[in-house]
Each structure stands twice: as structure tokens, then as C-alpha cells.
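Report on the structure
Letter by letter, the chains look like this.
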Amino acid sequence: MRKPIIVGNWKMNKTIAETKAFVEAVDSSVSDSADWGIATPYLALQTAKSLASNLIVAAENCHFEESGAFTGEISTSMLKEIGVEWVILGHSERRQYFGETNATVNAKTLKVLDAGMTPIVCVGETLEEYEAGSTKDVCKTQTVAAFKDVCPKCIEKVVIAYEPVWAIGTGKTATNEIAQDVCAYIRGVVAELYGQEAADKVRIQYGGSVKPEGLKTLLEQPDIDGALVGGASLLEDSYIAMIENLG
Ligand code: PGA
């Protein structure tokens, strides 16, 4: 049985004070129905981590080198020092605006796993690719590239987030059928690489305009094990509504 995992991706939102208010309001509502988390900007991680007893606290990115001349970057050791064990990698906004490539996503995935941390690796097609019918090809290419040289033992702990770029922040969520079809396909790609047993352990999230009211039926899909949630994770009430809707 794969335990669902729902993570709020805050992107470049919330000050330290706002983070404190959020965690104080939400953390005690977290239930055992799923693993619940928030990914915050670097600056608020320590505050979130120090206040959260139940919420997973994740970074939204990290560098693949341990240290050095990489102005503006953050290493896994820095994250680990403050107790952060989870990192989102390869989000489409990082691919689109910050030059993230399949190769850097792979390097980061290897680094995060080597550090004993857990990556949430994002894959997904653009609107153009969706309309051209190449969703599965794109997801396969990104998945195979992200996990190049990842050891079989490590693969079971990774989380994959399938996020169609056209559904992110647009209010246009993929139907449950589309999301299930692609998540099942991605699981098949992992099975091709690592065998069915390992693939059955990997948790695959859907992300893209997920709302509290849609979460329950989304998670009823056999290959969807959670959600990566942007906008709907930012307000305390909306986050608590997600927890309550899952029961
Ligand atoms: P959204 O963002 O829920 O606001 O569409 C999802 C994401 O980018 O992870």
C-alpha cells in the first residue's frame, strides 16, 4: 500500500512571519490519511521546520554540488543542517525560467539521494507538447533522464510529480482520467527501468490546479498517490480543507 503524499508548493510566496502563522494554524490539523507537507522558499525553511511537528518541510530546489563557487545556490548539507530531508526537483518553472535541464535534474536527484534525502522529481509536458500528442514521450524522456544512474535501492523512496505545464496555475486541471493514464504510464516507465516490484513502491503525484474538492477522487485513481499543490496550498483554510476532504 502506498501512503498518499500531498505537498504544497509555495513557490516564491510567504515571508517568514507568514510561514510561522501558516504552520501554527495548520500543523495540528494534519491527519494520518496521508503524508502532508509544504515546500517553502529557502529563507522560511528553518522557521517552518522548527514549528512543524506533523508537516513535512521541503525545499523547492537545491544544487548538485556540495559547496563552491555557485553564487546564490544552496547545498544539500545546508538543508540537512536545519533538518530538511525533502526537495522538489525539476519543477517546470525551474525548467522554463532558470535553465533546469534533464541533465541538471539528474545530477540533483543523484546528489539528494546520496545525501540520504528524498527528491520529489517533477515531469510533465507543455501545452504545445500536449496538443502534439507527445505527453507520454516527454514524460518518458524526462523520467528516464532524471533517474539515470539512480541505484535500484534508492528508486523506491523517490516521489515523482506528474505536472502537465498547461495545468499549472491555469485553473485547467487535467481530468482524473488523463492524470491516471499518464501516471500509470510513468509507473510503467519506472517498471521498465527497475522492475514492477520497485515501481509499485514509487509514489506518483499529480499536480496542476488541484483544489481541495477534487483531491479525494483524484486519489481514488489507482496510480495517483498524492498531489503537488500550488495555489490551493497557500491559504490556511484551503490547506485544512484538503486535509478534511481526505477524511
Ligand atoms: P498549481 O501549481 O496548483 O497552482 O497549479 C502546482 C505546481 O506548480 O506544483
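To keep things clear, this report deals only with the structure shown in the data block.

Cut-offs applied
- Residues numbered from 1 in each chain as written.
- Predicted model: local features only at pLDDT ≥ 70, side-chain atom pairs only at ≥ 80, totals over all residues.
- Heavy atoms only, no water.
- Near = heavy atom within 4 Å.
- Polar contact = N/O pair within 3.5 Å; in protein donor to acceptor, adjacent residues only side chain to side chain.
- Areas by Shrake-Rupley, 256 points an atom, 1.4 Å probe, with all protein chains shown as cover.
- Helix = DSSP H or I, 4+ residues; strand = E, 2+ residues; numbered from the N terminus.
- Buried < 20%, exposed > 50% of the residue type's maximum accessible area, 1.4 Å probe, protein only.
- Core = buried A, V, L, I, M, F, W, Y, C linked by side-chain atoms within 4.5 Å.
- Contact = heavy atoms within 4.5 Å.
- Axes fitted to C-alpha atoms, helices over the stretch in contact; angles between N-to-C directions.
- Parallel < 35°, antiparallel > 145°, perpendicular 65-115°, else oblique.
- Pairing = 2+ DSSP bridges.
- Left-handed = near helix turned anticlockwise from the far one by under 90°.
- Nonpolar A, V, L, I, M, F, W, Y, C, P; charged D, E, K, R; others polar.

Take the site of the ligand next. Around the ligand, the surrounding shell holds 14 residues, and the nearest of these are K11, H91, E163, G169 and S209. Interatomic distance of 3.4 Å between a side-chain N/O atom of N9 and an oxygen atom of the ligand. Bound to the protein, the ligand loses 95% of the 280 Å² it would expose on its own.

Within the element layout of this structure, S75 appears in the loop between β3 (56-59) and α3 (76-81). The buried category is assigned to S75, whose relative accessible area is 4%.

Counting 63 residues, the largest nonpolar core has I6, W36 and L215 as the members making the most contacts within it. A per-element tally of this core places helix α9 (residues 176-194) first, with seven residues. Contacts of I6, omitting those with residues within four sequence positions, involve A34, D35, W36, G37, Q205, L215, L219, A227, V229, Y239, M242 and L246. A39, I56, A58 and I120 belong to the second-largest nonpolar core, a separate cluster that totals 12 residues.

Our focus in this paragraph is the packing of helix α5 (residues 102-114) against helix α7 (residues 135-146). In the contact formed by α5 and α7, the axes pass within 8 Å of each other and the chain directions differ by 40°. In terms of orientation, α5 and α7 fall into the oblique class. Between α5 and α7, the contacting residues are N102, V105, N106 and T109 on the first element and T141, Q142, A145 and A146 on the second.

Our next topic: the sheet that holds strand β1 (residues 5-9). The strands making up a sheet associate through backbone hydrogen bonding, with each pair oriented either parallel or antiparallel. With parallel pairing, eight strands are arranged side by side around a closed barrel as β1-β2-β3-β4-β5-β6-β7-β8. Looking at each pair of strands side by side, their axes are set apart by 25° on average, direction ignored. Those strands touched by α9 are β5 (118-123), β6 (159-162) and β7 (203-207), and its axis lies near 140° from that of β6.

Turning our attention to the packing of helix α1 (residues 16-26) against helix α2 (residues 42-51). Two numbers describe how α1 lies on α2: the axes approach to 9 Å, and their chain directions differ by 25°. In terms of axis orientation, α1 runs roughly parallel to α2. Judged by the sense of rotation from one axis to the other, the crossing of α1 with α2 is right-handed. Only L43, A44, T47, A48 and L51 of α2 make contact with α1, whose side of the interface consists of I16, T19, K20, V23 and E24. Each residue belonging to the contact of α1 with α2 can be placed in one class, and the counts come to six nonpolar, two polar and two charged.

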